[in-house]
Amino acid sequence: MTNSSLLSRVASELAQHVAAGLGRTPKTLSSMYFYDDAGSQLFQQIMELPEYYPTRAEFAIFREHGAAIAAALSPPGGGEFALVELGAGDGAKTKLLLRELLAASPTFTYAPVDISTGAMAGLVEMLALEMPALRVAPMVSDYATALAQLRSRPGGKAVLFLGSNIGNFGPAERLDFLRRLAAPLAPADRLLIGFDLQKDPRRIRAAYDDAQGVTAAFNLNLLTRINRELGANFDLAHWQHYTDYNPLTGAVRSYLVSARAQQVRLAALDQTVDFAAWEVIHTENSYKFTLPQIEELATEAGLRVVATFTDAATDFADVVLAAREE
């Protein structure tokens, strides 16, 4: 699929999603559409914020346990395999693992997947400069397409889903997603997923509402994207970012808040949407987990935990999973 056809399809999917989401009560939009090129750049800034601990915690795990993680992902007895990363972004953390894998198993191929053409181009260029011996097979794609192709990919594979991206799914969606990830895995294949762990509720909330307002800009960029791609006229001066955290459910929820009664025209949909003053659009979930919850989730999805790696403060866990043997 060419970049232009992919972008056309994504724009069509965005239009359908926005029409459905803004027709619900309460109104909703999916965080999967945060990551246009501008959104990807803003998220790179978020990862460097003092409040945003998940990236630093996962870096610490890869620095401390990189060799052990690489060994856990490599097929028994060696041989060629593909390392498929969903949502690769700038690959900063992954580079630590790639170096370990190159040292131990130079015959593998790194297959990064990302919806952002700009992010993928930057990643491929950086890898060519820093690791010229690495075989790279990039894919500009959404998760659904990547998962469909994963089933037909020959040979062994290890799949990465890093960061705390698994937390963006609600419970039912999360289970369905993991089952789809598990389906194409052979017994020797591996899956590495990053889980943000439950901790001080104040630290968690601050990570999603930073003092510099970068997270707010990231959330509001979704409206900018809809303006650009769907001919909408959201006035960002009358929208606010809001987030909360419920320690009982482990859910961070982010919203866009209409600061006044207003109408928004979406030309591509030939539709006008009314918003009451202080009405919200729910844009993101980010669930936090306990280690027992991760074990239970793996079992429900037809997976088993092979190894668990945490940082020293147990803020974060990278969990290696495999398909359960019949």
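Up top is the structure these notes are about.
Presented here is an overview of the structure given in this document. (Residues numbered from 1 in each chain as written. Predicted model: local features only at pLDDT ≥ 70, side-chain atom pairs only at ≥ 80, totals over all residues. Heavy atoms only, no water.)

Its location among the elements puts Asp37 in helix 2 (residues 37–47). For Asp37, a relative accessible area of 38% corresponds to the partly exposed category. Distance in space between the C-alpha atoms of Asp37 and Phe316 is 27 Å, their sequence separation being 279 residues. Beyond its immediate sequence surroundings of up to four residues, Asp37 is in contact with Ser116, Thr117, Gly118 and Ala119. There is a polar contact of 3.3 Å between the side chain of Asp37 and the backbone nitrogen of Gly118. (Helix = DSSP H or I, 4+ residues; strand = E, 2+ residues; numbered from the N terminus. Buried < 20%, exposed > 50% of the residue type's maximum accessible area, 1.4 Å probe, protein only. Contact = heavy atoms within 4.5 Å. Polar contact = N/O pair within 3.5 Å; in protein donor to acceptor, adjacent residues only side chain to side chain.)

Next up on the list: the pattern of salt bridges. Applying the stated criterion across every chain yields a total of 16 salt bridges. Here Lys199 makes a salt bridge to Asp196, at a shortest N to O gap of 2.8 Å. Overall, the relative accessible area of 14% leaves Lys199 in the buried class. The class for Asp196 is buried, based on a relative accessible area of 0%. Residue Asp200 pairs with Arg202 through a salt bridge whose shortest N-O separation is 3.7 Å. Classification of Asp200 as partly exposed rests on a relative accessible area of 34%. Since its relative accessible area comes to 66%, Arg202 is described here as exposed. Linked by salt bridges that have partners in common, Asp36, Arg225, Arg228 and Glu229 make up one network. (Salt bridge = Lys/Arg side-chain N within 4 Å of Asp/Glu carboxyl O.)

Once that is clear, we can look at the packing of aromatic side chains. In this structure the tally under the stated criterion is 18 aromatic pairs. Their ring planes at 80 degrees and their centres at 6.1 Å tell us that Phe43 and Tyr52 sit as a pair that is edge-to-face. On the basis of relative accessibility, which here comes to 17%, the residue Phe43 falls in the buried class. Since its relative accessible area comes to 6%, Tyr52 is described here as buried. With centroids separated by 6.4 Å and ring planes inclined at 40 degrees, the aromatic side chains of Phe161 and Phe169 adopt a geometry described as tilted. Judged on exposure class, the residue Phe161 and its partner Phe169 are both buried. (Phe/Tyr/Trp six-rings, centres within 6.5 Å; stacked < 30°, edge-to-face > 60°.)

Compared with the 30 Å implied by 1.5 Å per residue over 21 residues, the 25 Å span of helix 3 (residues 53–73) between its first and last C-alpha is markedly short. Where helix 3 bends most, at His65, the angle is about 80 degrees. (Expected span 1.5 Å × (residues − 1). Bend = angle between axes of the 7 residues up to and from the residue.)

Attention now goes to helix 5 (residues 117–130). Look at helix 5: 20 Å from first C-alpha to last across 14 residues, which is about the 20 Å you get at 1.5 Å a residue. Within helix 5 the residues assigned to the buried category are Ala119, Met120, Leu123, Met126 and Leu127. Angularly, the buried residues of helix 5 cover 135 degrees about the axis, an arc narrow enough to put them on a single face. Pointing more than 90 degrees away from the buried face of helix 5 are the exposed residues Glu125, Ala128 and Leu129. Packing partners of the buried residues in helix 5 comprise helix 2, helix 4 (92–104), strand 3 (109–114), strand 4 (135–136) and strand 5 (139–140). (Arc of directions from axis to C-beta.)

Distances and angles like these do not, on their own, reveal function.
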